[in-house]
Amino acid sequence: MPDRYAVIGHPIAHSKSPRIHALFAAQTGQDMRYEALLAPLDGFVATVHEFIAAGGRGANVTVPFKEEAFRLATRLSERARAAGAVNTLTFAGTEILGDNTDGAGLVRDLKRNLGVGIAGKRVLLLGAGGAARGVVMPLLAEQPGQLVIANRTVGKALALASTFPTCTGCGLDELDSRVFDLVINATSAGLTGGVPPRLTFTFAPDAFVYDMVYGRETDFLRQALAAGAVVADGLGMLVEQAAEAFLVWRGVLPETAPVLTELRAA
Ligand code: ATR
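Residues numbered from 1 in each chain as written. Predicted model: local features only at pLDDT ≥ 70, side-chain atom pairs only at ≥ 80, totals over all residues. Heavy atoms only, no water.

Things to note about the domain arrangement of the chain
In terms of domain boundaries, the chain breaks down into domain 1 (3-101 + 237-255) and domain 2 (103-234). Taken together, the contact pairs 15 residues of domain 1 with 18 residues of domain 2. Summing the contributions of domain 1 and of domain 2, the shared interface buries around 1400 Å²; its carbon and sulfur component is 55%. When residues of domain 1 are sorted by the area they lose upon contact with domain 2, Ala-82, Met-237 and Glu-240 head the list and together hold 46% of the total. Across the domain 1-domain 2 interface, the total number found is 3 salt bridges. Residue Glu-67 is joined to Arg-133 by a salt bridge in which the shortest nitrogen-to-oxygen separation is 3.4 Å. On the surface where domain 1 and domain 2 come into contact, there are 11 residue pairs in polar contact (both at pLDDT 80 or more). Elements with a contribution of two residues or more to the side of domain 1 that touches domain 2: α4 (78-83) and α10 (235-250). Looking at the side of domain 1 that touches domain 2 element by element, the count peaks at 5 residues for α10. (Domains from an automatic or database assignment. Contact = heavy atoms within 4.5 Å. Buried area = accessible area lost by both parts, 1.4 Å probe. Salt bridge = Lys/Arg side-chain N within 4 Å of Asp/Glu carboxyl O. Polar contact = N/O pair within 3.5 Å; in protein donor to acceptor, adjacent residues only side chain to side chain. Helix = DSSP H or I, 4+ residues; strand = E, 2+ residues; numbered from the N terminus.)

Take a look at the structure:
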């Protein structure tokens, strides 16, 4: 019997994770099966327990259950604790280990796939919800010159920034004269079709703009392109966070480049 893993979310039919992990397993020769599980909105915990009872070894967790997974875990990694959310569960006897690989995925996509350094850079993180919170600690670990968190609701940016010693928070309308080398959009505007944050700040020469949303060119990326920035969507982050979860479970870090190439072609 292959070891069983799953991604749990609502909705889940669109998830690329089963394909990504099947490619990783084939590439590394791991005997495992990875499926997509739809949990009812009020049934996340029951779905996890049923999966454990059926022999599940681990699970990825996606929208809207990452905070619930955080509460369900009996032990948390430092990066999961900093994120306040869990995207990777490992079942070990009676323990449920909670980890968060999203930030590591973003950093690896920037550095390895896109060749974008973070050290010493002036970095702007847009948004202060779950997606933003998940990447702050891994970004700070790269020692940017500065990290500014800007959010539509300024109080949330200030609250998030105050939990880390070396970043500052502000409102989207307080960026006018600031210059940034790297801008990361972690707002959900591109997903919900909302009006994206306006680019009121200044791009440094060679500025890079990243949108965590993938599979579509968002209005945000269109604005950034028009302003002369180099841009990327979040597909690489998706593949890299999956690779990091695979490493947590199987102790092997798969090659991501061929998987990313296949997903882009599809
Ligand atoms: P996620 O888990 O995807 O981060 P979330 O926790 O609901 O989702 O957070 C959504 C983030 O996107 C928030 O920072 C939100 O700003 P507010 O805190 O002011 O609500 C931001 N956001 C969503 N739509 C936006 C828009 N049209 N313009 C600017 N920010 C937006």
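After that view of the structure, there is still more to cover.
Brief notes about the nonpolar core
Core analysis: the largest hydrophobic core is formed by 28 residues, its most contacted members being Leu-106, Leu-110, Leu-125, Val-136, Ile-149, Ile-184 and Tyr-210. For this core, the secondary structure elements donating two or more residues are α5 (102-113), β7 (122-126), α6 (130-141), β8 (146-151), α7 (154-162), β10 (179-185) and β11 (202-211). Take this core: its biggest share by element is 5 residues, from α6. Contact partners of Val-136, with chain neighbours within four places excluded, come to Leu-125, Leu-147, Ile-149, Leu-160, Phe-164 and Cys-167. In terms of nonpolar packing, the next biggest core, distinct from the first, is built from 20 residues, Ile-12, Leu-235, Phe-246 and Leu-263 among them. (Core = buried A, V, L, I, M, F, W, Y, C linked by side-chain atoms within 4.5 Å. Buried < 20%, exposed > 50% of the residue type's maximum accessible area, 1.4 Å probe, protein only.)

Regarding the pattern of salt bridges
Evaluation of the coordinates by the stated rule reveals 17 salt bridges. For Arg-108, the salt bridge goes to Glu-240, with nearest N and O atoms at 3.8 Å. Pair noted here: Arg-108 is in helix α5 and Glu-240 is in helix α10, with a separation of 132 residues, a long-range link. Overall, Glu-240 belongs to the buried group, its relative accessible area being 0%. Overlapping salt bridges bring together Arg-79, Asp-99, Arg-108, Glu-240 and Glu-244 as one network.

A short note on unusual backbone geometry
Here the amide bond leading from His-10 into Pro-11 is cis, since omega sits at 0°, within 30 degrees of zero. Residue position: Pro-11 is located in the loop between β1 (3-9) and α1 (17-28). Here the amide bond leading from Val-63 into Pro-64 is cis, since omega sits at 5°, within 30 degrees of zero. Residue placement: Pro-64 occurs in the loop between β3 (56-61) and α3 (66-72). Phi angles above zero are rare outside glycine, and Gln-143 is one such case at about 55°. Following the sequence through the fold, Gln-143 ends up in the loop between α6 and β8. Phi at Asp-206 is positive, roughly 65°, even though this residue is not glycine. Looking at the element boundaries, Asp-206 is found in strand β11. Note on Asp-206: relative accessible area 76%, which makes it exposed.

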